[in-house]
Each structure stands twice: as C-alpha cells, then as structure tokens.
Amino acid sequence: MRISKALFLAVPFALMAFLSGSYLVRWLGVIIAGVILVIVLFGLEIQSEYVPRRKRNLISGKSELERLVSVVKRAKKGKMAREIIAEEIREIYALLSDESTQEFFDLKSQPNEALELIYSEGDFYENLKKALEIVEADLNEDRRSA
C-alpha cells in the first residue's frame, strides 16, 4: 500500500491532537489534521482534471489539416462529408458578398458552378480540384475589384 504525502503530513497533527495536554492545541491539531485529510480524500475521490477548451483539440492528436484530409477522404464515398465541403464553399462565397446570409441561402437553393461540380457524378477528387480552382479564380477576381 502506498502512503500519500498528505497523509504523512496529517499524522503529526493527529498525534498532537491526541497526545498534547492543552485543550486549544488539541483542537488546532484536530482541525489541521481534518483539513489535510479532507483534501486527501477529495483528491482521491475526484480524479477528473479540468481541460480547457482550447487544449481539448490538441489532446486528440489531430491537426486541422489532418481533420480536413479525413473529411475529404470520407467525401469520396459519403454524402454528409460532401455536404460539409459544399457548406464551406458556400461560406466562402457568402463572405465575399455584402449580404452574406442571403448569399448563403441563395447558393443552397441555386448552386453555382463550383457547387455543382461537388455534387456531380464522376471522380470526386477531380471535381473537387476543379471546384477549388473556380473558387480560387473568384477570390482572385474579387481581390482585383476591391
């Protein structure tokens, strides 16, 4: 059995509480030993550590690029991952326009050429590459006009 450091610290105060003659010294020993033992017992019972939100992502071990790569790999087979990519492209176009929320919903009902490529049949990686080239061209065109 392993002896805790806090328990080792509480023993002298507990002995002082039982062996000393003065009433005040006894009670001080009992209170100090009690506080130390409460800290030890709660420390043993509560083993969960607080992890701040910004560090939770680091715990998983995946960087943002690795997460994006896994979404693209899943998009080749699954519709949900394609929808995630399409939503990101819609957000890019919404940020480019002045009325961002209206543009986002307009692109959902009437997709542009890049979004149509994402949803089209055929080789997904080729379609994604073409769609990203279209988005890049639109971004460069918007920068020249600004």
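**Description of the overall build of the protein**
Then, number 1: From N to C terminus, the protein includes eight helices and zero strands.
Then, number 2: In sequence order, the protein lays out its α and β elements as α-α-α-α-α-α-α-α.
Then, number 3: For the protein, the residues scored as buried account for 21% of the 146 residues in total.
Then, number 4: The long-range fraction of contacts in the protein, counting pairs at least 24 apart against all pairs at least 6 apart in sequence, stands at 41%.
Then, number 5: When the accessible surface of the protein is totalled, it reaches about 11,800 Å², and 61% of it is carbon and sulfur.

**Quick notes on the nonpolar core**
Then, number 1: Membership of the largest hydrophobic core comes to 17 residues, with the highest contact counts inside it found for Ile85, Ile89, Tyr93, Ala114, Ile118, Phe124 and Leu128.
Then, number 2: Elements with a minimum of two residues in this core: helix H4 (64-75), helix H5 (79-96), helix H7 (113-119) and helix H8 (124-145).
Then, number 3: Beyond its immediate sequence surroundings of up to four residues, Ala114 is in contact with Tyr93, Ala131, Ile134 and Val135.

**Remarks on a nonpolar patch on the surface**
Then, number 1: Together, Tyr23, Trp27, Val30, Ile31, Val35 and Ile39 give the surface a local cluster of nonpolar side chains, amounting to about 640 Å² of exposed area.
Then, number 2: As for its position among the elements, Val35 is in helix H2 (residues 23-45).
Then, number 3: Taking the relative accessible area as the measure of exposure, Val35 reaches 46% and is therefore partly exposed.

**A word on the pattern of salt bridges**
Two side chains carrying opposite charge are able to pair once their charged atoms lie near each other.
Then, number 1: Counted according to the given criterion, the structure contains one salt bridge.
Then, number 2: One salt bridge in this structure joins Arg90 and Glu83, with 3.1 Å as the shortest N-O distance.
Then, number 3: Arg90 gets classed as buried once you look at its relative accessible area, which sits at 2%.
Then, number 4: Since its relative accessible area comes to 24%, Glu83 is described here as partly exposed.

**Focus on the packing of aromatic side chains**
Then, number 1: With the rule as written, the count across this model stands at two aromatic pairs.
Then, number 2: Judged by centre distance (6.3 Å) and plane angle (70 degrees), the rings of Tyr23 and Trp27 are edge-to-face. Placement of both Tyr23 and Trp27 in helix H2 is noted, with a separation of four residues, approximately one turn of the helix.

**Considerations on the side chain of Asn127**
Then, number 1: Checked against the element boundaries, Asn127 lands in helix H8.
Then, number 2: Asn127 sits in the buried class, given a relative accessible area of 8%.
Then, number 3: Among the polar contacts made by the side chain of Asn127, one reaches the main-chain carbonyl oxygen of Glu121 at a distance of 3.4 Å.
Then, number 4: If we skip the residues at most four places from it in the chain, Asn127 touches Leu117, Ser120, Glu121 and Gly122.

**Describing H5**
Count 3.6 residues to each turn of an α-helix, and residues three or four apart come out pointing the same way.
Then, number 1: Along its 18 residues, H5 runs 26 Å from first to last C-alpha, staying within 8% of the 26 Å computed at 1.5 Å per residue.
Then, number 2: Buried within H5 are the following residues: Ala81, Arg82, Ile85, Ala86, Ile89, Arg90, Tyr93 and Ala94.

**Quick word on the environment of Ile32**
Then, number 1: Within the secondary structure, Ile32 sits in helix H2.
Then, number 2: Separated by 23 residues in the primary sequence, Ile32 and Leu9 have C-alpha atoms spaced 9.9 Å apart.

**Things to note about H4**
Then, number 1: End to end, H4 covers 17 Å across 12 residues, agreeing with the expected 16 Å (1.5 Å per residue, within 8%).
Then, number 2: Taken residue by residue, H4 has Ser70, Val72 and Ala75 as its buried positions.

**Digging into a negative patch on the surface**
Then, number 1: Together, Asp123, Glu126, Glu133 and Glu136 line one region of the surface with negative charge.
Then, number 2: A residue is classified by how much of its surface remains accessible, and Glu126, at 40% relative accessible area, is partly exposed.

Definitions and limits used
Residues numbered from 1 in each chain as written. Predicted model: local features only at pLDDT ≥ 70, side-chain atom pairs only at ≥ 80, totals over all residues. Heavy atoms only, no water. Helix = DSSP H or I, 4+ residues; strand = E, 2+ residues; numbered from the N terminus. Buried < 20%, exposed > 50% of the residue type's maximum accessible area, 1.4 Å probe, protein only. Contact = heavy atoms within 4.5 Å. Areas by Shrake-Rupley, 256 points an atom, 1.4 Å probe, with all protein chains shown as cover. Core = buried A, V, L, I, M, F, W, Y, C linked by side-chain atoms within 4.5 Å. Patch = residues over 30% accessible without salt bridge, like charges linked within 9 Å, V, L, I, M, F, W, Y side chains within 5 Å. Salt bridge = Lys/Arg side-chain N within 4 Å of Asp/Glu carboxyl O. Phe/Tyr/Trp six-rings, centres within 6.5 Å; stacked < 30°, edge-to-face > 60°. Polar contact = N/O pair within 3.5 Å; in protein donor to acceptor, adjacent residues only side chain to side chain. Expected span 1.5 Å × (residues − 1). Lys, Arg positive; Asp, Glu negative; His and termini not counted. Charge placed at Lys NZ, Arg CZ, Asp CG, Glu CD.

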